Amino acid sequence: MTSSQHAVILVYSTSHALRAERLLQQAGIGSKLIPVPRHVRSDCGVCVRIERADQEAALQALEAAGVEIEGVHRI
Amino acid sequence: MNTAGNAVLFPQANLIYLDNAATSWPKPPEVTQAMVHFMEQVGANPGRSAHRLSVEAARIVYAAREAVAELFNVPDPLHVVFGANGTEALNLALRGLLRPGDHVITSSMEHNSVMRPLRALERQGVEVTVVRCSPEGFLDPADVKAAVRPNTLMIALNHASNVVGTLLPVAEVGRIARAQGLLLLVDAAQTAGAYPLDMAADEIDLLAFTGHKSLYGSMGTGGLVVGERVDVSRLEPLKRGGTGSRSEQEEQPDFLPDMCESGTLNAVGLAGLEAGIRWVLRQGVEAIRAHEMKLTQQLIEGLQEIPDVTLYGGLDTARQTATVSLNIAGMEPSEVGLRLDEEYSILCRVGLHCAPAAHKTIGTFPVGTVRFGLGAFSTALEVDAAVEAIRQLAREAR
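Keep in mind it's a predicted model, so treat the numbers as computed, not measured.

S.K.: Lay out the sheet that holds strand 7 (residues 206-210) of chain B with the relevant residues and their values.
M.R.: All names here are of chain B. If you walk across this open sheet you meet the seven strands as 2-8-7-6-5-3-4, and the pairing is mixed. In the strand order of this sheet, the two ends are held by strand 2 (80-83) and strand 4 (127-131), each with one partner. Along the sheet, successive strands turn relative to each other by an average axial angle of 20°, direction set aside. Helix-sheet contacts for helix 7 (residues 170-180) involve strand 5 (152-158) and strand 6 (183-187), and the interaxial angle to strand 6 is about 160°.

S.K.: Talk me through the domain arrangement of chain B; I want residue IDs and the actual numbers.
M.R.: Residue and element names in this part refer to chain B. Domain boundaries assigned for chain B yield domain 1 (6-28 + 284-397) and domain 2 (30-282). Relative to domain 2, the C-alpha centre of domain 1 lies at a distance of 27 Å. Residue-level contacts link 32 residues of domain 1 with 36 residues of domain 2. Listed by contribution, the elements that provide at least two residues to the side of domain 1 that touches domain 2 are helix 9 (285-304), strand 10 (323-328), helix 11 (356-362) and strand 13 (369-373). Looking at the side of domain 1 that touches domain 2 residue by residue, the class counts come to 12 nonpolar, 14 polar and six charged.

S.K.: Help me get a handle on the confidence of the model for chain A, residues and values and all.
M.R.: Here chain A averages 89 in pLDDT, and 89% of its residues register 70 or above. Averaged pLDDT values over the elements of chain A bottom out at 91 in strand 2 (residues 32-35) of chain A and peak at 96 in helix 2 (residues 55-64) of chain A.

About the criteria used
- Residues numbered from 1 in each chain as written.
- Chains lettered and ligands numbered in written order.
- Predicted model: local features only at pLDDT ≥ 70, side-chain atom pairs only at ≥ 80, totals over all residues.
- Pairing = 2+ DSSP bridges.
- Helix = DSSP H or I, 4+ residues; strand = E, 2+ residues; numbered from the N terminus.
- Axes fitted to C-alpha atoms, helices over the stretch in contact; angles between N-to-C directions.
- Contact = placed C-beta atoms within 7 Å.
- Domains from an automatic or database assignment.
- Nonpolar A, V, L, I, M, F, W, Y, C, P; charged D, E, K, R; others polar.
- pLDDT = per-residue confidence, 0-100.

Below is the structure:
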């Protein structure tokens, strides 16, 4: 993957990541669930990778649905 | 609803399966296909690893959460906590929320999945009031209201009796619970998928369901839907362990559903459950209910004509599920059950149905009853055969 174009949204569990994926899909925002990059946090879970250009719209969509976000990182 | 093709579904076409109140059978073919698909094509651990098969498994589990949420009108699928069955869900709600000094109100029509946890909690200092129902199994909401005390935390009710099918007035009790600031826990084992349930409209705070009855999934699936009014920080999980989240911490996560789902879930079962609920949603709960009530009416009318047969419950299809209990004068339920199986290939359930309180209420303790539980795949021919078999057995018992 070309990492410079992406951001990852960290959530609290795989279930939350799947909910985020579904909400983003409904909002017309592309996303992919990937392992949390080692340099971001050492957990075993997945996170939601999006295009950086979509970051603001994605966060708005998730916050509107009440999804708790642990953090956002550019990768 | 369309139940054509029923014969194809039955591996043994000569059997008449009328034990759907225990476990529905047969299942829609999609349910088995979804489970086989999971075993053959997915197989990985949901939500533990992040590779494609693990994510796909987690997606299947999440799809099952969405299906449950759609069926019960729940805004957030993450408030659906999966477990092994309805009993586990009821234990989570009761043992997870009630503390010594709290008061809980229940009915005299409950299954032991509610009664036994409550009796154990009572020994630990939880106050339990069992509101008496009528001999037909009906509950007067005014009696529930009168039982409320300053320390009442919860009202725990089954939505319908597993013995006689009588529906309890959960929406009315829900309004009482809201007005008094109490939690309403509904045991929907007998109704989820067979009778419309709306957590918002019915003002239900905790809904326990099982996957293997009217949701047409496999055994080993069930869950608890936790409503917005429940203080999750007060909810004590039944078990603690790995969740695939917050792995750096040795403390249990404090958010739903992970906090209550330690250990690997029955993902293959949940794949089937999702397919079962989607099947129910495609048929429509109202259409399934209309089919079952037509047959229930036929069964009640047929049995009522037979001398020496006693029927129990309200016998009013507007106020019950597709479960009918009876006794034949002069013949023990166990003998009726054995002869129905061996001589008529009719499978039902006899005895106390894990609900001694309900049998005491309807006056059939300790003998029990013969119970017919119809399902979405039951047919008018099968009901006729059951009525005719009971007619012959009653004649012989005379």
